[in-house]
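# Examination of the molecular architecture
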Amino acid sequence: MLIFNKTAGVFFKPSRRKIYEVLGSFHFYPGKRFLHKLVLGIETSCDDTAAAVVDEAGNVLGEAIHSQTEVHLKTGGIIPPVAQQLHRENIQRIVQEALSASAVSPRELSAIATTIKPGLALSLGVGLSFSLQLVDQFKKPFIPIHHMEAHALTIRLTNKVEFPFLVLLISGGHCLLALVRGVSDFLLLGKSLDIAPGDMLDKVARRLSLIKHPECSTMSGGKAIEHLAKQGNRLHFDFQPPMQRAKNCDFSFSGLQHVIDKMIMQKEKEEGIEQGHILSSAADIAAAVQHTVACHIAKRTHRAILFCKQRGLLGQSNTVLVVSGGVASNLHIRKALEIVTNATQCTLLCPPPRLCTDNGVMIA
């Protein structure tokens, strides 16, 4: 199929009334094999090409995903034009695989949902153009999806979670805290003022040349840091969590990264090695970095929970903190958040790992 190079910039988020009008326009067709609503979800906001078919009860009928991680590891990071081309090469196959796995034809779909923001414009454009082509060809309703809202609501596929609840989204591209009051009803409490935690961990891993480490050569930066941290002693380095006196729920990671870069440079001089070689203290640095990031995230989240409880924004009982995004799979960070939720009588919930990272299921 022909894919046009459009971006999502001209598409605006529709009102909730508009969305409900679209959803209310779906029809049942007695005698058809599928007597319920079926939505195809397409996700191309960054470096994963994903699609899935989900029914109105939240059952995942079929899904497929193509990860670009291996390619971007070789280039040292995500290069938008490269990501765009890989999406173009794989999107038709991924959508067809999701439909085949669900035994659903495009004509049997009730609607097509696609990520339109936020994300890399070139990547978003591929998914959007492909979706609009399907919408036009099969005359299906189109549902524009906000990537972060999809992450926030994914937990309701796997757990019975009532509104309101608190959500922490931490990934390679995003970091935010929000109160989820309903579908499309979010109160932003805090966000990163600079870079995302996953981005910082990836940059530290590249600075440590962990791709050359025999145990980490096929891992993303964040996974490499987590793996190596298990072998290190975090007490050998003293990195202070950022924004300790800031009276808000925002995050910051770029200053911490700068401090870590200076420390790595100093250790390279001490060990007499050039940049690009692995330090003998790499595991200790990884452990200290991971712990500092975990402490920073946990402290800011603690503030958000206390704020919501003091203002009566969350119930005094059955309070839920949902943590999602790629960084949510880091067990050390999750443990730090467990300490916070235990201390504040909250329940910590995380989607399964495959639903924490970008996927088509959450869009559908």
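All of these numbers come straight from a predicted model, not from anything done at the bench.

## So, the pattern of salt bridges
A full pass over the atoms with the stated rule returns nine salt bridges. Here Arg354 and Glu63 are joined by a salt bridge, their closest N and O atoms 2.6 Å apart. Of this pair, Arg354 sits in helix H12 (residues 353-356) while Glu63 sits in strand E3 (residues 60-67); the two residues are 291 residues apart in sequence, bridging distant segments of the chain. In this structure Glu63 comes out as partly exposed when scored by relative accessible area, which is 36%.

## What to know about the packing of aromatic side chains
Within this structure, the stated rule accounts for three aromatic pairs. Judged by centre distance (5.8 Å) and plane angle (15°), the ring pair of Phe163 and Phe165 falls under stacked. Look at Phe165 and you get buried, because its relative accessible area is 0%.

## Examining the packing of helix H3 (residues 80-102) against helix H4 (residues 121-138)
Where H3 meets H4, the closest approach of the two axes is 8 Å, and the angle between their N-to-C directions is 30°. Of the possible angle classes, the one that applies to H3 and H4 is roughly parallel. For H3 against H4, the interelement crossing comes out right-handed. Between H3, through Pro80, Pro81, Ala83, Gln84, His87, Arg88, Ile91, Gln92 and Val95, and H4, the contact on the second element is made entirely by Leu122, Ser123, Val126, Gly127, Phe130 and Leu134. When its residues are assigned to classes, the contact of H3 with H4 shows nine nonpolar, five polar and one charged.

## Regarding the sheet that holds strand E7 (residues 175-182)
The pairing of strands in a sheet happens through backbone hydrogen bonds and is either parallel or antiparallel. The strand order E8-E7-E6-E9-E10 describes an open sheet built from five strands, whose pairing is mixed. With one partner strand each, in any of the chains shown, strand E8 (185-191) and strand E10 (346-349) form the two edges of the open sheet. If you compare each strand with its neighbour and ignore which way they point, the axes differ by 25° on average. Contacts from helix H10 (residues 282-310) reach strand E6 (165-170), E7, E8, strand E9 (319-324) and E10, with the element oriented near 160° to E6.

## Structural notes on the UniProt feature "domain: Gcp-like" (unreviewed entry) in the protein
UniProt feature "domain: Gcp-like" (unreviewed entry): in the numbering of this structure it lies at residues 59-364. Spanning residues 59-364, this segment combines 48% helix with 17% strand, and its end C-alpha atoms are found 10 Å apart.

## Describing unusual backbone geometry
Going from Lys117 to Pro118, the amide bond is cis rather than trans, its omega being -15°. Of note, the amide linkage connecting Phe163 to Pro164 takes the cis form, showing an omega dihedral of -5°. Assignment of secondary structure puts Pro164 in the loop between helix H6 (155-158) and E6. Non-glycine residue Ser184 carries a positive phi angle of around 65°. Within the element layout of this structure, Ser184 appears in the loop between E7 and E8.

## As for the layout of surface pockets
Looking at the largest pocket, its volume works out to about 1,400 Å³. Among the elements of the structure, helix H2 (69-75), helix H5 (147-153), helix H7 (197-207) and helix H8 (221-229) are those that each provide at least two residues to the lining of the largest pocket. For the lining of the largest pocket, a count of residues per class yields 16 nonpolar, 23 polar and nine charged.

## Structural notes on the environment of His213
Examined against the element boundaries, His213 turns out to sit in the loop between H7 and H8. Assessed through its relative accessible area of 13%, His213 is described here as buried. Considered as a pair, His213 and Ile278 are 65 residues apart in the sequence and their alpha carbons are 7.3 Å apart.

Thresholds, definitions, all that
Residues numbered from 1 in each chain as written. Predicted model: local features only at pLDDT ≥ 70, side-chain atom pairs only at ≥ 80, totals over all residues. Heavy atoms only, no water. Salt bridge = Lys/Arg side-chain N within 4 Å of Asp/Glu carboxyl O. Helix = DSSP H or I, 4+ residues; strand = E, 2+ residues; numbered from the N terminus. Buried < 20%, exposed > 50% of the residue type's maximum accessible area, 1.4 Å probe, protein only. Phe/Tyr/Trp six-rings, centres within 6.5 Å; stacked < 30°, edge-to-face > 60°. Axes fitted to C-alpha atoms, helices over the stretch in contact; angles between N-to-C directions. Parallel < 35°, antiparallel > 145°, perpendicular 65-115°, else oblique. Left-handed = near helix turned anticlockwise from the far one by under 90°. Contact = heavy atoms within 4.5 Å. Nonpolar A, V, L, I, M, F, W, Y, C, P; charged D, E, K, R; others polar. Pairing = 2+ DSSP bridges. UniProt positions renumbered as here; feature names shortened; annotations may be inferred. 1 Å grid on protein atoms, 1.4 Å probe; cavity = no way out; pocket = protein on both sides within 12 Å on 5 of 7 lines; lining within 4 Å. Points joined across faces, edges and corners; volume = space filled by probe spheres on them.

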